[in-house]
Structure formats: structure tokens, C-alpha cells
Amino acid sequence: MGPLPSGSAEKAARSSREEILEKLRERIVGFAASRLQRDAAEDLAQEVLILLHQKYGHLERLEDLLPLSLQIVRFKMMAFRRKTQRRGEYTQIPVDGIQVPDGAVDPLAAAEQREMRERLIAAISKLGERCRKLFALKLEGKSYAEIQTILGVGSIKTVYTWDFRCRKNLMELMGGGWEAGK
Amino acid sequence: MTNDEIRQLLAGYATNTLTETERQALFEAALDDQELFDALHQEQALKELLADPVSRAQIRQALEKPRAVRPRWWTWTAAASAVAAAVLIVAVIHSRTTETTIVAVKPSSPVAVQPVEKADSELKPVPQPAPSRASAAKQAVRARPSAATNDRKFEPPPATAPVQLETPPPPPPALTASQQVQVTGAPSQSDARSQSQVQLQPSPAQIGGAVGGLISKADLPPVRYTLLKRAQDGTYQPLSPGVGLKAGDAVRISVLPNSSGYLLLSRQDAAGEWTRVFPATGPGIAVAANANYEIPALPIDVTDAAQKLRITLVPASMIGIASTGQVKTLAAPLKKESAPTPALFVDLTIGPKSVP
């Protein structure tokens, strides 16, 4: 099989990207629909895709697109909650009481992150020794293969299993989720 | 990689632990798996937290601290309770450490029983009666704790005075014939003197503990006693092996009642009537269970004629008086004992017989 003409390669890449985006849209709608209304979930997915298309049109690989879409979805959902609050869908706020963004770090996000950090630190102190060691190695930037060597484990699959269980244990210690009440 | 293994890679997403291949596998699986996609989104919050250098440093610092160990108070409480229970059980068992209890066979007619032939006959039973006397066979009784010592060592039985073990005239309902004469190896309060011992029987309490002891309580002898002979220095010692009594000796009796009540000593006169010897008045001396008492206050002089004595224990429960340890006296002295009382008694005969 000979090499594809340049036009064909570009076409194939574009087709692959569209395929990834289509699947991403499906997943995003599914995820958002579990937390928002169906119409809002579809709107949110559409906004994410528009952003990916307009601002990140140069990204084609799944390894880039999926984490990015997750981050955008997260921000969009937080913004959506704030927006519904401002609109008075849940609470009536006078116009004078609406704060004008000053361009600094979102205080709500900062507070949430601070709270999550404190909860995480408290939960870590209750973790078992193996999980603490594993987590520390991960934060040092070690890969699973390196962790396997350091811990002297026979199979990397054992490290996967240990880490998965530790994550589950840590989440349980934090109340079932990383973020409080979510 | 299997699907399960790919799902396990989820734990490495937030910490950027995954290699390119692992990330590729995880993301491709997430595209087709809504649940995995949702979980990845959940990890995004942790990923952002760990992406913050300050937060990451604080978490790493927390990981370097020693693990917070919960004080397992319940573990220590349980252990302490177990130890306390064990100590209590040992204490109860120890307090019930038994002495040798000897039950002699009562012959149908008064026959002098020589408690022990020789010193080397320890642990040997008293010569058993003929099979025809089996109805009066010995009865194992629960051993009682010693007030002076818990030493269970079985000492060679000393020779005793010719103590005749007899059946009292009308046996009270609470006491069977086989219970009427019982000689024990209970040491006295003053020292661990050797005792007249006929047979060693493990008691039900030894075997069955407290329950066995309760069950067998009804079978206990009312009192156990040891003859004490006055020595040259005026002290009273148990009769030494091979030494009998002779006229002019003075003896007292060390008595170990098995229940609280009132203790008294009587002597049978020539007319066959029982006359109070000690105490002269009152219902008797108040005694507590399982404590040694030496009676009477003044020794009994051994005469040429045999003296029949009766040790009577009136349990406090039978007369409705709690054991207080006080000696109560009645206005009028009781010279004679008349009607049979619900008391329990043991008869013995003291005479100048030498021990063979």
C-alpha cells in the first residue's frame, strides 16, 4: 500500500478529529445531563465544541482534546451555576449586589480549592503506609514503571491495582468525592 | 491491557503519572465509556488542585509526616477487661483452694477409729467398711478454704488421740449418718499444723468450680475439727503422730465451721443427757464460715473415762440471726439441751487411749 496523497492525509486527520469531537460531545452531554437539565447539557456541550473549534482548532490528538474538554466542561459548569444564581433562578439578588469581576482569581474557586486541599490533607493522614508512599511517589513525578521498580513489585498491574484501591480509599476518606457536596 | 486495567489507570490521571501509552488507552476507553468519562471529569478537580504548586507542596509535606494513628481505646479497654476477668477468675479459684476433706465411714455401732496407722500411710483411705455397710459409705464433700493458708500440701497424718467417731443418738434431718463424723486436714488459724487425715478427695468445687461448689454445698459437713493438745510451753499443738492422750492431758478443739452461725460444745453425762460445756450461756459463739475457732476457752482435761463431746453448729439462717461475729448471751444459762434443734453436730470421744 503506497503512501497517501497529502490531501488524503489531511482529510483523514480531519475525519479523525471530527470523530473524536463527535464522541466527546456525546460524553459531555451524557455527563452534563446527569447534573443539569437536558437542554442545558446540550447547550453546554455545544459551547465546549465551539471553543475547541475556534480556540483550539490546531489540536487533533485525543490526548490533547479530551483533557482540555474536561477542563472546559468543568469551568463551563461552574460558570453555569454562577449564572443561574445571578439570574435569580435560585435566589433573588438585587442588581446592586452583583459583584463586578475584577480580573483576579475567582474567590469562589479559590475557596473551593482551599477547602478541598484541607480535606485532602486530612484524608491523607489517615491513609495506609503503602498508599501514602504510592501517592508521594506519584507527586514526585514517578511513572508507574518507576514506582514498580522502587517498590519492588513483580508486575506493573499490581501497581495499577494498588493505586486504584488507594484512590478509592482516599475518596472514601474524603466523603466519596474530591469536591465537597459534588 | 484489559478494560479493568485501563480503568485502574484512572488513579494516575490527576497526578500525571501516566505514560503516553497509558493515557492513550485511558482516553480511548473514556470516549466509549460514559462512566469512565464521568470519573475522569471527577478527577479533573484533583488534577487542578495538584497542578497548583502551593497545594502540591502542602500535600507532599503532609505525606511526609508520620501517619496519624488513631488511639484504639476500645482495644485497650477490651484487653484490660480481659485481664481483669482473668484475675477475678484466678482469685475466685484461688479462694476456693481446697483442703483435704476426709469423710469417714460410720459404722453401725460405735467403733473407735484409728485415724492413721503410720506416717507413711498418707493419702491412703481409711480402712473401708464391709460391703454390707456400703449404705454408710463415705461421701465426698466440697473442700473448704483454709483461713490460715492455702497450702494444699498433703502432710503425713499425725497420730491422734483415740477419737471415737460415733453416730449421735437421734440424727437431725439435715444431717445424714454418713455426714456425722468427718475429720479434716484443715490447718488451724495459728499455723499449718498437721491434721488428722484419712482420705483425700477432690471436691466438686475443685472440679466444677463455683457451680459445683454451690451444688455440693448441701453435702458439706457442718464442721471440721482438729484436736489440739497442750504442750509443755502452754501452747496447743495438733497431736503428733504416734502420740496419744493420757489422763491429765489438756486438749482443745480447733473447729472450722462451713457456714456462719453459732457454735457450741456439749458433753454427754452419765445419764446420757447432753450438757453445755462451752459457752456456758447463750446460743453459742457466733462464728463465720470457714474460719478456725479453738474451743473451749478452758481446755478439756482428759480423764480415765472416755468423754463424749458434741460440737454443734446452729446456722444463722436457721435461727434468723445474721452472723455478726458477736457473742450473744441469753438471760438464763442453758444447762441442758432438750429437744433436737435444726442444728448440725459432730460427735467425738476423747479418752486416754494410746495410738498404736
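Residue and element names in this part refer to chain B. Here four strands make up an open sheet; going across it, the order is S4-S3-S5-S9 and the pairing antiparallel. Of all strands in the sheet, those with a lone pairing partner are strand S4 (236-238) and strand S9 (293-301), marking the two edges. Recorded for the sheet is a direction-independent mean angle of 35° between the axes of neighbouring strands.

A few words now on the packing of helix H4 (residues 107-124) of chain A against helix H4 (residues 53-64) of chain B. Close contact between H4(A) and H4(B) brings their axes to 9 Å; oriented N to C, the two are set at 15°. In terms of orientation, H4(A) lies roughly parallel with respect to H4(B). For the pair H4(A) and H4(B), the sense of crossing is right-handed. Along the contact surface, H4(A) presents Gln113(A), Arg117(A), Leu120(A), Ile121(A) and Ile124(A), while H4(B) presents Ser55(B), Gln58(B), Ile59(B), Ala62(B) and Leu63(B). In terms of residue class, the contact of H4(A) with H4(B) is built from six nonpolar, three polar and one charged.

Before going further, it helps to examine the nonpolar core. Counting residues in hydrophobic clusters, the biggest one holds 48 residues, and the most contacted among them are Ile28(A), Ala32(A), Cys166(A) and Ala30(B). Tallying contributions element by element places helix H1 (residues 6-33) of chain A first for this core, with six residues. Once you skip the residues sitting within four places of it in the chain, Cys166(A) turns out to touch Leu127(A), Cys131(A), Leu134(A), Phe135(A) and Ala11(B). Listed in part, the 29 residues of the second largest apolar core include Tyr262(B), Phe278(B), Val314(B) and Ile350(B).

This part is about the confidence of the model for chain B. As a note on interpretation, predicted positions should not be read in detail where pLDDT is low. Residue and element names in this part refer to chain B. Mean pLDDT over chain B stands at 66; residues scoring 70 or higher make up 54%. Below a pLDDT of 50 lies the segment residues 98-218, which in the model reaches 250 contacts outside its immediate sequence neighbourhood of four places, other chains included. In this model residues 320-341 is a low-confidence stretch, pLDDT under 50, and it forms 37 contacts with partners more than four residues away in sequence or in other chains.

Attention now moves to unusual backbone geometry. Residue and element names in this part refer to chain B. Residue Pro279 is bonded to the preceding Phe278 through a cis peptide linkage, with omega at -15°. Counting through the fold element by element, Pro279 comes out in the loop between strand S7 (274-278) and strand S8 (285-287). Along the chain, Ile295 connects to Pro296 via a cis peptide bond; the corresponding omega equals -10°. Note on placement: Pro296 falls in strand S9. Located in the positive-phi region is Asn290, a residue other than glycine, with phi close to 65°. Counting through the fold element by element, Asn290 comes out in the loop between S8 and S9. On the neighbour-count criterion, Asn290 (18 C-beta atoms within 10 Å) is partly exposed.

Moving on to the interface of chain A and chain B. In this assembly, 37 residues from chain A lie in contact with 36 residues from chain B. For the side of chain A that touches chain B, the secondary structure elements donating two or more residues are H1, helix H3 (62-86), H4, helix H5 (129-139) and helix H7 (156-173) of chain A. Grouping the amino acids of the side of chain A that touches chain B by side-chain chemistry returns 17 nonpolar, seven polar and 13 charged.

Conventions we followed
- Residues numbered from 1 in each chain as written.
- Chains lettered and ligands numbered in written order.
- Predicted model: local features only at pLDDT ≥ 70, side-chain atom pairs only at ≥ 80, totals over all residues.
- Pairing = 2+ DSSP bridges.
- Helix = DSSP H or I, 4+ residues; strand = E, 2+ residues; numbered from the N terminus.
- Axes fitted to C-alpha atoms, helices over the stretch in contact; angles between N-to-C directions.
- Parallel < 35°, antiparallel > 145°, perpendicular 65-115°, else oblique.
- Left-handed = near helix turned anticlockwise from the far one by under 90°.
- Contact = placed C-beta atoms within 7 Å.
- Nonpolar A, V, L, I, M, F, W, Y, C, P; charged D, E, K, R; others polar.
- Core = buried A, V, L, I, M, F, W, Y, C linked by C-beta atoms within 7 Å.
- Buried ≥ 20, exposed ≤ 12 C-beta atoms within 10 Å, placed from the backbone.
- pLDDT = per-residue confidence, 0-100.

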